[in-house]
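Understanding the architecture of this molecule
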Amino acid sequence: MTLEEKLNDLNRMILNGEILESMDKYYHPDCIVVERNDVVAKGLKQAKDRESELFEGVEVWLKSEIVSTAVGENVTMTEWHYEYKHKDLGHKKFDQVAVHY
């Protein structure tokens, strides 16, 4: 598979709600998750646990939208827009750029 094919498959899985499965398939066991310049998870298990905790509080998922994608030499990026209602956090809207290398 080319990088673009892998990116398209990863994004398809996410859009189909297969978040944890996509992480198993495409994330490195020693991945690092960074948000706002802070490391929020080290390693695949911690990253998946973090996602699972968030999803436990989601009452309704309103939107997952790909804004743009890019493929470079040994790097891919997807810009996302998400919206959901969370039992503790209320109505959340956020944008994310996911960089994979």
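These notes cover the structure that comes with them. Nothing here was measured: the structure is a model prediction, and the numbers come from that model. (Residues numbered from 1 in each chain as written. Predicted model: local features only at pLDDT ≥ 70, side-chain atom pairs only at ≥ 80, totals over all residues. Heavy atoms only, no water.)

So, the overall build of the protein
Cut-off, in case you're wondering: Helix and strand assignments follow DSSP, with helices taken as H or I runs no shorter than four residues and strands as E runs no shorter than two, numbered in order from the N terminus. Each radius of gyration reported is based on C-alpha atoms, and the globular scaling rule is 2.2 Å times the count of residues to the power 0.38. Relative accessibility thresholds used throughout: buried, under 20% of the residue-type maximum; exposed, over 50%; partly exposed, between the two (1.4 Å probe, protein chains only). Contacts are residue-level and defined by heavy atoms, with any inter-residue pair within 4.5 Å sufficient. Each accessible area is a Shrake-Rupley estimate made with a 1.4 Å probe; only the visible protein chains count as cover when residues are assessed. Note on charges: Lys and Arg go in the positive column, Asp and Glu in the negative column, and His and the chain ends are not counted at all. The atoms used to mark charge sites are NZ of Lys, CZ of Arg, CG of Asp and CD of Glu.
Counting its regular elements, the protein contains 3 helices and 5 strands. Along its sequence from the N terminus, the protein presents helices and strands in the succession α-α-β-β-α-β-β-β. A compact globule built from 101 residues would reach a C-alpha radius of gyration of about 13 Å, and the protein, at 14 Å, matches this within 12%. With respect to the three principal axes, the spread of C-alpha positions in the protein is 40 × 25 × 25 Å. Counting across all 101 residues of the protein, residues that qualify as buried make up 26%. Within the protein, contacts between residues separated by at least 24 positions form 36% of all contacts whose residues are at least 6 apart in sequence. For the protein, the exposed area adds up to about 7100 Å²; of that, 47% sits on carbon and sulfur atoms. The average position of the 13 basic charges and that of the 20 acidic charges among the side chains of the protein differ by 3 Å.

Overview of the pattern of salt bridges
Put simply, the rule reads: Should a side-chain nitrogen of Lys or Arg be within 4 Å of a carboxyl oxygen of Asp or Glu, the pair is scored as a salt bridge.
In this structure the tally under the stated criterion is 6 salt bridges. For the salt bridge of Asp9 with Arg12, the shortest nitrogen-to-oxygen distance reads 2.6 Å. One end of the pair is Asp9 and the other is Arg12, both in helix 1 (residues 3-15) and 3 residues apart, which spans about a single turn. Judged by its relative accessible area of 11%, Asp9 is buried. Glu35 is paired through a salt bridge with Arg50; the nearest N and O atoms lie 3.0 Å apart. Here Glu35, found in strand 1 (residues 32-35), pairs with Arg50, found in helix 3 (residues 44-56); they are 15 residues apart in sequence, far enough to count as distant. Taking the relative accessible area as the measure of exposure, Arg50 reaches 29% and is therefore partly exposed. Ionic contacts of the salt-bridge type, sharing partners, join the residues Asp9, Arg12 and Lys25 into one network.

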